[in-house]
Amino acid sequence: MSNWSRVTAQQIEFIDQLIRGIPARSIPTYDELPYDVYLHKHLILNAPFLLSAKATSSWSAVRDFRISPAFQTLSDSASASTSPSAPNPSSSTHKPNLTALRRYAHHIVPVANTLAPQFSEFERSERPLGEVLDLWENGDEAGDGLYVKDWHLMAEIESEGRGVEEVYAVPECLRDDWLNPPYTPASTSDFRFTYLGPPLTYTPLHRDVYGSYSWSANVVGRKVWWLFPPDRLDAVKDRHGELVFDVRELKDEGGALKILQEEGEIIFVPSGWHHQVVNLDFCISINHNFFASPTLPRIYHTLAQSQQRVEEAIADVKEMIIERLGSESDAWEREWVDEVQGLLERDAGWGWGGFWETIERNVKEPPAANFLSPPLHMRNAYIREVLQNYQSGREWDWLPATQITISSCDILSSIMD
Ligand SMILES: O=C(O)CCC(=O)C(=O)O
């Protein structure tokens, strides 16, 4: 017996209710998305959209990780599919082909137990994927609520000497990605993730790393998304001003933009938008966190805010440094700036060094062809905007390594204008 058949009648009713509560889709769904439309209506305006299942129809993962309907039982595939604008509780989706995933059984994957929330996270573990697949395939109770999250499948495939085309191909319009290969900031292996888990596993309310955009593709199953633009955040804070963990506990679910993402579709989540996700079926999904030049001012602002938080949290350390080194010379400031950068890298995942290196590397080696990237004059204007801000701040003087990086990217962007 496999785990998806462990879903109880009560859970099925709960899922149907969830779906019935989703309004008709109010954001665009594209079969084809010309780069120009993507750039002007979505990247620059920071507005969500979906790509239809056509975008993933040729992916190897779609071919390999779905059990074809011929092998599903009659009750599995009983109902007709539905139009994206009219959520249908009984829309049919594929079952996951867990046997095909066994080729990655040796990968050590991060696992969240979504039945065991702990403060602002879930209980987490790392284990071989094969162990998790065993639990699901054997219908073991210990597999209930387990969610393989943030698995760096693509990086692992590449480290084994193969290419990611054995899984997917990034849609053309999403290829101008400054966070993922050919260049990824040094702090992590990459920001290309795979998720898998049974119905009702979920990701609590959060905003993506660095204030990046994300896109997420449903290879198998459907998800419901709650999206919150930055100006609607007050509604999802508790009485202490902290973000809630699960927006389903709130009246009107915080007034979210609620979207049913069908199997095969790709959703684009704007930069800085908080979101929560619940799997309606057994889901396998692939996502990228990413940014491109139009996001630079937001990414800059997010890092500057993180720095301010770090500085406030260790204000006493500043006093101690000044006490030790005196305020006459600039020695205290040099030490303070280094201290803050070190903590910032740990807290936010990167500091100004990583920020400028990322710009430099993407300017030198653009990840996408010209016709799939903003025009150079536009890209350079975004770089100049963040540069002017940076040059007016203290780090410009105190972090000489970033000045060296910047002079290279400043020169490059001006000659390319
Ligand atoms: O699918 C999920 O559970 C979470 C995905 C997500 O948060 C994202 O793509 O940003």
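The protein chain is annotated in an unreviewed UniProt entry as JmjC domain-containing protein of Kwoniella heveanensis BCC8398.

**Some points on the overall build of the protein chain**
Each helix and strand in the protein chain was counted, giving 13 helices and 15 strands. On C-alpha atoms alone, the protein chain measures out to a radius of gyration of 23 Å, which is about the 22 Å that the 2.2 N^0.38 rule sets for 417 residues. C-alpha extents for the protein chain along the principal axes are approximately 80 × 45 × 45 Å. A burial count over the protein chain gives 40% of its 417 residues as buried.

**Observations concerning the site of the ligand**
Around the ligand sit Y195, T203, D208, S214, S216, K223, V269, H275, V277, S285 and N287, and that is every residue in its neighbourhood. For the shell around the ligand, the secondary-structure elements that each account for two or more residues are strand 10 (213-220), strand 14 (274-279) and strand 15 (283-290). Considering only residue class, the shell around the ligand consists of three nonpolar, six polar and two charged.

**Examining the nonpolar core**
One finds V132, V148, V219 and I267 to be the most contacted residues of the largest nonpolar core, which totals 91 residues. Once residues lying within four places of it in the same chain are set aside, the contact partners of V148 are V109, V111, L129, V132, Y195, L196 and G197.

**Observations concerning the pairing of strand 6 (residues 121-128)**
Of the pairings in the sheet, the one linking strand 5 (residues 108-118) to strand 6 comprises eight bridges and is antiparallel in character. The residue bridging P110 from the neighbouring strand is E126, located in strand 6. Where strand 5 folds back on strand 6, the antiparallel hairpin that results is connected by two residues, among which F119 adopts a positive phi of roughly 55°.

**Digging into the sheet that holds strand 14**
Within the open sheet, the four strands sit side by side as 9-14-11-12. Their pairing is antiparallel. Of all the strands in the sheet, the pair left with one neighbour each is strand 9 (202-206) and strand 12 (257-261). Across the sheet, the axes of successive neighbouring strands diverge by a mean angle of 15°, strand direction being ignored. Looking at chain direction, strand 9 and strand 14 are connected through three bridges and run antiparallel. The residue of strand 14 that forms the bridge with H206 is H275.

**Things to note about the domain arrangement of the protein chain**
The domains assigned to the protein chain are domain 1 (3-291) and domain 2 (294-416). Using C-alpha coordinates to define each centre, domain 1 is positioned 32 Å away from domain 2. Taken residue by residue, the interface counts 23 residues in domain 1 and 20 residues in domain 2. Ranked by residue count, the leading element in the side of domain 1 that touches domain 2 is helix 2 (residues 35-43), at three residues. In terms of residue class, the side of domain 1 that touches domain 2 is made up of 14 nonpolar, five polar and four charged.

The rules behind the values
Residues numbered from 1 in each chain as written. Predicted model: local features only at pLDDT ≥ 70, side-chain atom pairs only at ≥ 80, totals over all residues. Helix = DSSP H or I, 4+ residues; strand = E, 2+ residues; numbered from the N terminus. Rg over C-alpha atoms; globule rule 2.2 N^0.38 Å. Buried ≥ 20, exposed ≤ 12 C-beta atoms within 10 Å, placed from the backbone. Near = placed C-beta within 6 Å. Nonpolar A, V, L, I, M, F, W, Y, C, P; charged D, E, K, R; others polar. Core = buried A, V, L, I, M, F, W, Y, C linked by C-beta atoms within 7 Å. Contact = placed C-beta atoms within 7 Å. Pairing = 2+ DSSP bridges. Axes fitted to C-alpha atoms, helices over the stretch in contact; angles between N-to-C directions. Domains from an automatic or database assignment.

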